[in-house]
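Here is how the chains run, residue by residue.
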Amino acid sequence: MNLVEVRTTVSINKDKLEKARRLLSTIMLWDSLSKMIEDAIDTFDIDSLLVGLINDIGLKIEFPSNREIISRRPKVKGSSADIVREMRNVRI
């Protein structure tokens, strides 16, 4: 996978930043503060966090199955290529 690096600004409590820097200087698992933050972000299990939040709030969310999605999908009469071509040719 080709990763793209992005620069960003993050507001962090000064004491926590100093604690992270001290940890970074004593444990050589990371070669930079950026790598340390990337590893911290990677440890988040977003799916579990969202499911936990949904359960805590008491929301009842039901997702349709793949079969339901396909059955509800509108059917196009004719060729979709013809329809797109016709839409492109419409002049306002």
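See above for the structure.
Report follows, based on the coordinates. (Residues numbered from 1 in each chain as written. Predicted model: local features only at pLDDT ≥ 70, side-chain atom pairs only at ≥ 80, totals over all residues. Heavy atoms only, no water.)

**Topic: the overall build of the chain**
Just so we agree on the cut-off: For helices the rule is a DSSP run of H or I covering at least 4 residues; for strands it is a run of E covering at least 2, with both sets numbered from the N terminus onward. Throughout, radius of gyration means the C-alpha value; the globule benchmark is 2.2 Å times the number of residues raised to the power 0.38. Exposure was quantified through the Shrake-Rupley algorithm and a 1.4 Å probe, taking into account, for residues, occlusion by the shown protein chains and nothing else.
Counting its secondary structure elements, the chain contains 5 helices and 0 strands. Sequence-ordered secondary structure for the chain, helices as α and strands as β, is α-α-α-α-α. Taking 2.2 N^0.38 as the reference for a compact globule, 92 residues should give roughly 12 Å; the C-alpha atoms of the chain span a radius of gyration of 25 Å, well beyond that estimate. In terms of overall dimensions, the chain has a C-alpha envelope of 65 × 40 × 30 Å along the principal axes. In the form shown here, the chain has an accessible surface area of approximately 9600 Å², with 57% of it arising from carbon and sulfur atoms.

**Quick look at the layout of surface pockets**
Applied cut-off: Only protein atoms enter the 1 Å grid, on which a cavity is a set of points fitting a 1.4 Å probe that cannot get out and a pocket is an open set with protein on both sides within 12 Å along at least 5 of 7 lines, lining residues being those with an atom within 4 Å of a point. Grid points are joined across faces, edges and corners, and a volume is the space filled by probe spheres set on the points. Amino acids are sorted into nonpolar (Ala, Val, Leu, Ile, Met, Phe, Trp, Tyr, Cys and Pro), charged (Asp, Glu, Lys and Arg) and polar (every other residue, Gly among them).
What the largest pocket holds in volume is close to 760 Å³. Val-6, Thr-8, Ser-34, Ile-37 and Glu-38 are, among the 18 residues lining the largest pocket, the residues nearest its centre. Secondary-structure elements contributing two or more residues to the lining of the largest pocket are helix H1 (14-26) and helix H2 (33-42). The dominant element in the lining of the largest pocket, judged by the number of residues it contributes, is H2, at 6 residues. Of the residues belonging to the lining of the largest pocket, the class tally is 9 nonpolar, 4 polar and 5 charged.

**Looking at the environment of Lys-14**
We count it as follows: For every residue, the accessible area (1.4 Å probe, protein chains only) is compared with the maximum for its type, and the residue is labelled buried under 20%, exposed over 50%, or partly exposed between those bounds.
Within the element layout of this structure, Lys-14 appears in helix H1. Judged by its relative accessible area of 65%, Lys-14 falls in the exposed class. For the pair Lys-14 and Asp-39, spaced 25 residues apart in the sequence, the C-alpha separation amounts to 20 Å.

**A closer look at a nonpolar patch on the surface**
Basically, it comes down to this: The residues that make up patches have over 30% relative accessible area and no salt bridge, and they are joined within 9 Å when like-charged or within 5 Å when they are Val, Leu, Ile, Met, Phe, Trp or Tyr. The rule for a salt bridge is simple: a side-chain nitrogen of Lys or Arg has to be within 4 Å of a carboxyl oxygen of Asp or Glu.
A grouping of Ile-37, Ile-41, Phe-44, Ile-46, Leu-49, Leu-50, Leu-53, Ile-57, Leu-59, Ile-61 and Phe-63 is seen on the molecular surface, where their side chains present a nonpolar patch of about 1100 Å² in accessible area. For the nonpolar patch, the secondary structure elements donating two or more residues are H2 and helix H3 (46-57). Broken down by element, the nonpolar patch gets its largest block of residues, 5 residues, from H3. Within the element layout of this structure, Ile-61 appears in the loop between H3 and helix H4 (66-72).

All quantities given are derived from atomic positions and should not be read as evidence of function.
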